Amino acid sequence: MFALQAEGLTKRYAHGKSPALDGLTLNVSGGQIFTLLGRNGAGKTTFLRIASTQLMPTSGSVFVLGLDCVKEPRRVRERIAVTPQDAETIYPLTARDHIMLSLRMRGMEKGEAMRRTRAAIEALELNDVADINAEWLSGGMKQRVIVAMSIATQAEVVFLDEPSIGLDPVNRRRVWDQLALMRKEGRTVVLTTHYMDEAEILSDTLAVVDKGRLVVQGTPQSVKGSSGGSSMRVEVGGGFSADELKSYGKVVAVAGKNRVLTDTEGARNLSDAALARGTGVSIGPVTLDDVFVDILGGAAEGEADA
Ligand SMILES: Nc1ncnc2c1ncn2[C@@H]1O[C@H](COP(=O)(O)OP(=O)(O)O)[C@@H](O)[C@H]1O
Ligand SMILES: [Mg+2]
């Protein structure tokens, strides 16, 4: 049984020109970190909201732990936790209150809720600010409180919509550690992110969506291979014409940079050419970011960043 299964999922908003989801089909096995990647407006939030029973699809189906999200939303809700995009803290409550409330509302016994709250506060380094009004916290601290509210639960499937938005690199990694811990406990983590390094490091599988459709799904490794099988990326300074660059491999559009995806041989040749001209060159393995730009770089951006 899959932890999450969507079949022909379509969503048309009342005033939307084109569908936000357009026949999306994907499967996620249990006990893993699954990441949904896509440009602004690709339909990531819409998908998460439908799968977490907050929004009805126009057609198609979605199952969480084998339960139908449309027909059995209450049973689904008992088994999931959700961190929505743009969630906000509640004024008079402290960080500790937020996490306790989230656990107690799920029916967790008080002692256990206190224990799990303490652990989450510790893990996300909120000790010093745990007992002041959450409204007084910095954006990054608030975001950690919001994330802790779903991480601290024992939900089998946890949905997090851009959980690391606005966090500094150290705190992003703290959140990553918690996500990895959930996986270790056998829970399933479904997240969206704009950070390619995050998706690459954390995900067991990921799916790239564009205009509400699945573009590619697989492990970070296999998705990287979907870009014509290039293994190396080379960036060179000025002095190369577009045609010349093309002769070395696949040129990907990155603002103001000459980036070429190629094989080892092509990388060697291009770097030799760059060095001969005395221009800058950097070489490394192809990253998810390269592939993402390659696959979606030419696609028109969606409407507003919702
Ligand atoms: N409540 C809404 N009403 C109408 N259109 C919406 C609404 N929410 C999102 N959309 C549109 O649906 C598309 C997908 O949005 P969203 O799921 O938020 O994408 P993402 O999370 O990938 O940025 C976008 O074109 C967006 O403008
Ligand atoms: Mg979104």
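Residues numbered from 1 in each chain as written. Chains lettered and ligands numbered in written order. Predicted model: local features only at pLDDT ≥ 70, side-chain atom pairs only at ≥ 80, totals over all residues. Heavy atoms only, no water.

**Comments concerning the domain arrangement of the protein**
Note the cut-off: Throughout, the edges of the domains are those of an automatic or database domain assignment.
Taken domain by domain, the protein comprises domain 1 (4-219) and domain 2 (228-285). Here domain 1 and domain 2 have C-alpha centroids that lie 38 Å from each other.

**Some details on the site of ligand 1**
The line we're drawing: Only a single heavy atom is needed: when it lies within 4 Å of a molecule or strand, its residue is near that molecule or strand. Here a polar contact is recorded for every N or O atom pair within 3.5 Å, except that within protein the pair must consist of a potential hydrogen donor and a potential acceptor, and residues adjacent in sequence are included only if both atoms are side-chain atoms. Note on areas: Shrake-Rupley, 1.4 Å probe, and residue coverage restricted to the protein chains presented here.
Residues in close proximity to ligand 1 total twelve residues, the closest being Gly41, Gly43, Lys44, Thr45 and Thr46. In the environment of ligand 1, an oxygen atom lies 2.8 Å from a nitrogen or oxygen atom belonging to the side chain of lysine 44. If ligand 1 stood free it would expose 570 Å²; the protein chains cover 76% of that surface.

**Observations concerning the layout of surface pockets**
Where we set the bar: A pocket here means an open set of points on a 1 Å grid, computed over the protein atoms alone, that has protein on both sides within 12 Å along at least five of seven lines. A cavity is instead a set of points where a 1.4 Å probe fits but cannot get out; residues with an atom within 4 Å of a point line either one. Grid points are joined across faces, edges and corners, and a volume is the space filled by probe spheres set on the points. Helix and strand definitions here come from DSSP, where helices need a minimum of 4 consecutive H or I residues and strands a minimum of 2 consecutive E residues; each element is numbered from the N-terminal end. The nonpolar class holds Ala, Val, Leu, Ile, Met, Phe, Trp, Tyr, Cys and Pro. Asp, Glu, Lys and Arg form the charged class, and all remaining residues, Gly among them, are polar.
The calculated volume of the second largest pocket comes to roughly 490 Å³. Forming the walls of the second largest pocket are 22 residues, and the residues nearest its centre are Val82, Ser102, Met105, Arg106 and Met149. Elements with a contribution of two residues or more to the lining of the second largest pocket: β6 (80-83), α3 (95-104) and α5 (139-151). Its residues assigned to classes, the lining of the second largest pocket shows ten nonpolar, nine polar and three charged.

**Some words on the packing of aromatic side chains**
To keep it simple, the criterion reads: Any pair of Phe, Tyr and Trp rings, taking the six-membered ring for Trp, is counted once the centres come within 6.5 Å. Such a pair is stacked with planes under 30 degrees apart, edge-to-face with planes over 60 apart, and tilted for the rest. The criterion is that NZ of a Lys, or CZ of an Arg, lies within 6 Å of the ring centre and within 35 degrees of the ring normal, and then a charge sits over that ring.
Scanning the model with the defined rule gives zero aromatic pairs in all. One Lys or Arg, arginine 172, reaches over the ring of tyrosine 195 and ends 4.1 Å from the middle of that ring. Sitting over the ring of phenylalanine 240, arginine 277 keeps its end group 4.2 Å from the ring centre.

**Examining the nonpolar core**
Threshold: We define the nonpolar core as a collection of buried residues of types Ala, Val, Leu, Ile, Met, Phe, Trp, Tyr and Cys that are connected through side-chain atoms lying within 4.5 Å of one another. Think of it in three bands: with a 1.4 Å probe and only protein chains considered, a residue is buried below 20% of the maximum accessible area for its type, exposed above 50%, and partly exposed in between. Should any heavy atoms of two residues lie within 4.5 Å, those residues are counted as being in contact.
Counting 32 residues, the largest nonpolar core has Leu160, Leu179, Met182 and Val189 as its most contacted members. Of all the secondary-structure elements, those providing two or more residues to this core are α3, α4 (110-123), α5, β7 (157-161), α6 (169-184) and β8 (188-192). Not counting residues within four places of it along the chain, the set of residues in contact with methionine 182 comprises Ile151, Val158, Leu160, Arg187 and Val189. By size, the runner-up hydrophobic cluster in this structure holds 28 residues, among which are Ala6, Leu21, Leu24 and Phe47.

**Quick notes on the packing of α3 against α5**
Basically, it comes down to this: Axes here mean lines fitted to C-alpha atoms, for a helix over just the part in contact, with angles spanning 0 to 180 degrees between N-to-C directions. Put simply, angles under 35 degrees are roughly parallel, angles over 145 are roughly antiparallel, angles from 65 to 115 are roughly perpendicular, and the rest are oblique. Note on convention: the crossing is left-handed when the near helix lies turned anticlockwise from the far helix by less than a right angle, right-handed when the turn is clockwise.
Where α3 contacts α5, the two axes come as close as 8 Å, and the packing angle between them is 25°. Relative to α5, the element α3 lies roughly parallel. At the point where α3 passes α5, the crossing takes the right-handed sense. Contacts between α3 and α5 involve Ala95, His98, Ile99 and Ser102 from the first element and Val145, Ala148 and Met149 from the second. Residue composition of the contact of α3 with α5, by class: five nonpolar, two polar and no charged.

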